[in-house]
Protein chains: 4
Amino acid sequence: MKSKNLRFGVLGVGRIGKIHIGNLATRIPGAELVAISDIAAAELETVATRFGIARTFADYRDLLNLPEVDAVVICSPTDQHYRMIVDAAERGKQIFCEKPIDLSLEKVLAANEEVSRRGVRMMVGFNRRFDPNFLKVRETIAGGQVGQPHILRITSRDPGPPPEHYIRASGGIFLDMTIHDFDMARYLMASEVTEAYTRAAVLVDPMIGKAGDWDTAVVTLTFENGAFGVIDNSRKAAYGYDQRVEMFGSGGMVTIANNTPDTHILCDSAGIHTALPLNFFLERYAESYLREMRAFVDSVVEGKPVPVGGEDGLKAAAIALAAGKSARENRPVKLAEIYREVAHTCPVS
Amino acid sequence: MKSKNLRFGVLGVGRIGKIHIGNLATRIPGAELVAISDIAAAELETVATRFGIARTFADYRDLLNLPEVDAVVICSPTDQHYRMIVDAAERGKQIFCEKPIDLSLEKVLAANEEVSRRGVRMMVGFNRRFDPNFLKVRETIAGGQVGQPHILRITSRDPGPPPEHYIRASGGIFLDMTIHDFDMARYLMASEVTEAYTRAAVLVDPMIGKAGDWDTAVVTLTFENGAFGVIDNSRKAAYGYDQRVEMFGSGGMVTIANNTPDTHILCDSAGIHTALPLNFFLERYAESYLREMRAFVDSVVEGKPVPVGGEDGLKAAAIALAAGKSARENRPVKLAEIYREVAHTCPVS
Amino acid sequence: MKSKNLRFGVLGVGRIGKIHIGNLATRIPGAELVAISDIAAAELETVATRFGIARTFADYRDLLNLPEVDAVVICSPTDQHYRMIVDAAERGKQIFCEKPIDLSLEKVLAANEEVSRRGVRMMVGFNRRFDPNFLKVRETIAGGQVGQPHILRITSRDPGPPPEHYIRASGGIFLDMTIHDFDMARYLMASEVTEAYTRAAVLVDPMIGKAGDWDTAVVTLTFENGAFGVIDNSRKAAYGYDQRVEMFGSGGMVTIANNTPDTHILCDSAGIHTALPLNFFLERYAESYLREMRAFVDSVVEGKPVPVGGEDGLKAAAIALAAGKSARENRPVKLAEIYREVAHTCPVS
Amino acid sequence: MKSKNLRFGVLGVGRIGKIHIGNLATRIPGAELVAISDIAAAELETVATRFGIARTFADYRDLLNLPEVDAVVICSPTDQHYRMIVDAAERGKQIFCEKPIDLSLEKVLAANEEVSRRGVRMMVGFNRRFDPNFLKVRETIAGGQVGQPHILRITSRDPGPPPEHYIRASGGIFLDMTIHDFDMARYLMASEVTEAYTRAAVLVDPMIGKAGDWDTAVVTLTFENGAFGVIDNSRKAAYGYDQRVEMFGSGGMVTIANNTPDTHILCDSAGIHTALPLNFFLERYAESYLREMRAFVDSVVEGKPVPVGGEDGLKAAAIALAAGKSARENRPVKLAEIYREVAHTCPVS
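What comes next is a walk through the structure.

Rules used in this analysis
- Residues numbered from 1 in each chain as written.
- Chains lettered and ligands numbered in written order.
- Predicted model: local features only at pLDDT ≥ 70, side-chain atom pairs only at ≥ 80, totals over all residues.
- Heavy atoms only, no water.
- Contact = heavy atoms within 4.5 Å.
- Salt bridge = Lys/Arg side-chain N within 4 Å of Asp/Glu carboxyl O.
- Polar contact = N/O pair within 3.5 Å; in protein donor to acceptor, adjacent residues only side chain to side chain.
- Helix = DSSP H or I, 4+ residues; strand = E, 2+ residues; numbered from the N terminus.
- Nonpolar A, V, L, I, M, F, W, Y, C, P; charged D, E, K, R; others polar.
- Buried area = accessible area lost by both parts, 1.4 Å probe.
- Pairing = 2+ DSSP bridges.
- Buried < 20%, exposed > 50% of the residue type's maximum accessible area, 1.4 Å probe, protein only.

### So, the interface of chain A and chain B
Buried accessible area, meaning the area lost when the parts come together, often serves as the stated size of an interface.
Step number 1: The interface of chain A with chain B comprises 39 residues on the first partner and 39 residues on the second.
Step number 2: Across the contact surface, chain A and chain B share 8 salt bridges.
Step number 3: The salt bridge involving E195 of chain B is made with R199 of chain A; its shortest N-O contact spans 3.1 Å.
Step number 4: Counting every contact that joins chain A to chain B gives 17 residue pairs in polar contact (both at pLDDT 80 or more).
Step number 5: Going through the elements one at a time, β7 (149–157), β8 (193–201), β9 (216–223), β10 (228–234), β11 (242–249) and β12 (252–256) of chain A are the ones with two or more residues in the side of chain A that touches chain B.
Step number 6: Looking at side-chain class alone, the side of chain A that touches chain B contains 17 nonpolar, 12 polar and 10 charged residues.

### Looking at the interface of chain C and chain A
Step number 1: If you look at the interface, chain C gives 13 residues, while chain A gives 13 residues.
Step number 2: With both sides pooled, the region where chain C packs onto chain A buries about 920 Å², and carbon together with sulfur makes up 62% of that total.
Step number 3: For chain C, the biggest contributors to the area lost against chain A are Y239, I272 and L276 of chain C; these three give 44% of the whole.
Step number 4: At the junction of chain C with chain A, the criterion picks out 0 salt bridges.
Step number 5: Taken together, the connections running from chain C to chain A amount to 3 residue pairs in polar contact (both at pLDDT 80 or more).
Step number 6: Here the side of chain C that touches chain A takes 4 residues from strand β14 (residues 271–274) of chain C, the largest share from any one element.
Step number 7: Grouping the amino acids of the side of chain C that touches chain A by side-chain chemistry returns 8 nonpolar, 4 polar and 1 charged.
Step number 8: For strand β14 (residues 271–274) of chain A and β14 of chain C, the ladder comprises 3 bridges, and the chain directions are antiparallel. The residue of β14 of chain C that forms the bridge with T274 of chain A is I272 of chain C.

### Examining the pairing of strand β7 (residues 149–157) of chain B
Residue and element names in this part refer to chain B.
Step number 1: Of all 9 residues in β7, 9 are buried, a share of seventy percent or more.
Step number 2: Bridge analysis of β7 against strand β11 (residues 242–249) gives 8 bridges, and the strand direction is antiparallel. Looking across to β11, one finds that P149 is bridged to G249.
Step number 3: Sheet analysis places β7 next to strand β10 (residues 228–234), joined by 7 bridges and oriented parallel. Each bridged residue has a counterpart across the sheet, and for I154 the counterpart in β10 is I231.

Purely geometric numbers; function is a separate question.
Next up, the structure:
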């Protein structure tokens, strides 16, 4: 391999960590995976063996202290992100951080400032921006093929709810699940959200309600450009992972269908039958995880800004907070209101 | 023909009137069209000649005075509906009335009471309930194939806005256009709407804004059963008449695609191309107009209740009023609030 | 109604006869149905009552002798067609005849000559030419959107085989069923068939084999323009009536999907499910039966040639005979060979 | 990595060779790529550098002489296959050979015998068997969901013809292009072909005719089980790479659609538009190339028979020869006739 490879350390070897490790190990030109860290020793060893990774650490700070590590991928639980970002930035590492940056807007702001102050890059893992379907929608809109945007619809439904401990640590459906849709809404609309109105309920599993969260939600967004957006979420779609968007504008509409494992069509006496969607995000977004990491590597290597930065992480989180507040209070909540609350503690750009 | 035919008079020979006249003239077993009325003499004569209708009247009351007329179809401008209903009910005619019954909830209530008092039937022209696509969605839901309803989505977009004079007399987008969707929402959800929240804007044509109306809207509905509904409307879809619904529930989802004039698929070097939707309601709902009139005839002949009654007209109108109020005040509006306002004048059932 | 109406008599009140009677009775401007004939007295009466037809005859010649009858629709069993055509032509009636004209090419030729000699028009009931899907394919090809035709594929499968007595009188699968596809092939290719090669088998029902017929066939056609066609037939498709064509050419491809009763899509844990095709020709081609009769009326009224004439009936039959001979002898059979055989008896145009 | 890795050499670094090299280098567990050979020195070096391959050889025999090479992938021009197979088998290497094994049936037979005599495995690169779409069709048929097979349709059209020198060395359309479809036909039908009838023409490019080949073909196959198959081919589909199959049987039908780069649907005033198919085999069959090599590695490592063997290569070639003969002589050709011709030289199993 060539000497100018970007050498990576991955912090956290859970579900998402393994995706990034697999990609970095073999499928990303210009990247070299040199170390991984996790407090779960057995899992760490399994992963290191499987992908042939030389160095493993229980303490992520030991990994960060390796001078040969140029960049880190933060895939730890959300409550670890902030500390890891600060520590990595301090050591001059380039940072790729999974979403959300943090559950608190104050800490998101602080993380962004630290990254900026240290002069490193931080890319946030809104991987769906790199999915071929969503990309095509974005390009179609950007190319003017649907004219001025009027109504954006996003349907985002999981095949089944996560376990209770996950729900409890997740920050709630808006910061955990809908945050992807909030980012997608900003990305596709190319305009900022100014207000959110949410109706939310517990229709899937009472456990989720007991944990203080919702499993079903409809969010109406108002954008600066005068257009509207509607997001609907469910924690459980019986037919699998449902990931669709539709942009309607003055010149037409562009939408996408779900991806399936194959294109077969079976016709029998009972009807016409086709395949269910790819079941969950690991399969559905395999390509986008790969592409986002390639984009991160390219932007670092070429000295360009990352395509999804801390500001994007901040804004998606702010919409999530507005959506949650709206659901609790059954009234439209302006984003300015959310930013004002934070400004009591620290100033917003 | 057999002696037990239901003999019809049609009041109003405009766009919708002609549909009902054409159907009654030839395609509805058990129905016989004997008279039509309209103040537009030339058009009245043209229609009478084309469909071979013996008797024509400038004044609808002369038609109502014909003893051989068993039933009337009211297709006049909305502001005529109330008077015609009262006059027809007084003469014991069975009534089919186009939607909306009236722009004022008080008069809708009064019309319903008059019909009830006179012991005649009144069916309201929510024809989409008789469309094969929507019917199939209803049957699928009723058959339990999507489980408990969670989220209903309705997309209803016209191919182009009506002229200014129509807009000004229409009662606004919610009473004129969305009212079909409000009825469909109740019909598919089989549960009453308790609250509406609306975001509306003028994005299509400034004329519409000057006329005091909106052309683009997103309405969130809350139902008694705990489920949510989202309706999005536009007065102008560049690709034609867009009429879709999607019901998502605990067991799955059912949705429909638009109807097209043919099923061709053209593959050339530029892409894969298929036909645009049938352009507007006369083509798209030709079948449902026919079926609803058959249903009306059958219910009268067989002495059964009409499938869509004055109560349905009332409830759809109430939702429309709530949606409009919500749009003006940017807050969720409960249906109870709308009904309370009316109760100052007259009591609601 | 206007005096210049074309007054019709229908000969035969079976399955197809009823379609034409229903259409002529109410849905075809410029047409007036005045008489029907059939040897089945009870059925004749039922139909007459249902559609309010004044005059009925057991003997079709009595109907033909009515001077007020301008045109006749021949829907009797195939073996009656020839005699009825000759008798109707003799009396100067305009003729619409169901396909096939006759099972023998000699008699088809003779019928065509008689019609020509008497100076009346004869249209042959290849109704599919008037179906919106096939029409669109034709227009797309004619408009040059697929370039020079290279390969035509036709799939034509029935939902289930007819009863044995029908099979035995049908002239075999090629003259009874595939003849529609042969006509469609000529229509879409706009070029004559020069050769046919057929593989045929009895895979659906041994009864069909015992009756000397096949139920499954694949026919390869060669056209004068150098292109090829492939037709596949089955007497039984478990999923219903399958009617598709695909034209592939130098510039692209155009194809059609089956028509369905609705456009619903059901997504549940077992898969994505849509509606079966409209089950059989009465439903599937309801529109084309209506349109072909309108076209017949228009061509007579306007003094223009009929859109599908006796020559078309002749050529489709000749291809059917070539296809059958090819199946029996397992070799390609040229159309010239079929025409030569007939020429022994009578000259071909 | 684990010591029991299967160590690979790849012979030929052309278009297909690069696919296998890329897969073996990084994406196939249990495989290790240790050497590559090609007479094109510059290209060999480029590939070696890009994938970090230690050893390169101008002469494939030097590669075969490496004792550490367990298995070879033969991706050289077809006329090299036979010699490489014999040499590799002699040295006890496991063999993966691209299709066709050879253009002469005699040499295919001889290669198969040599492989058998030396006790090594040889897998033939009919990669489409490993494509998720075709696999699903196969599973659906095998699972009985379409009942007894009656009619198989395969459409296989390239986006554009290869250059003249390729055409001249290819062995003709049937041995070069249709051979994949012949293998697929056997695979899906699970029954042997007994006869072929072909219509072929030069409709795309006169150069192809001058080279003694055809660019457009329709082949009818008869199978031992009584079913029929139809394959249509073109060297140029304006809309891209068209790869579809459809199996129709007593219980229903299963078919597949083309794969596309995304699932977007654009609706504008001109129509509804979706993406073209993935353009050519490198993109379309990327997954199947990967899966077939994994299957090869697994079968060698686990000591099981390869899923596609020399016998499959032989039979597909024999059908190709029958199809070509049929095209030249315009008559159905039995497979037995082809095998008899070969038997003059060497006996067939």
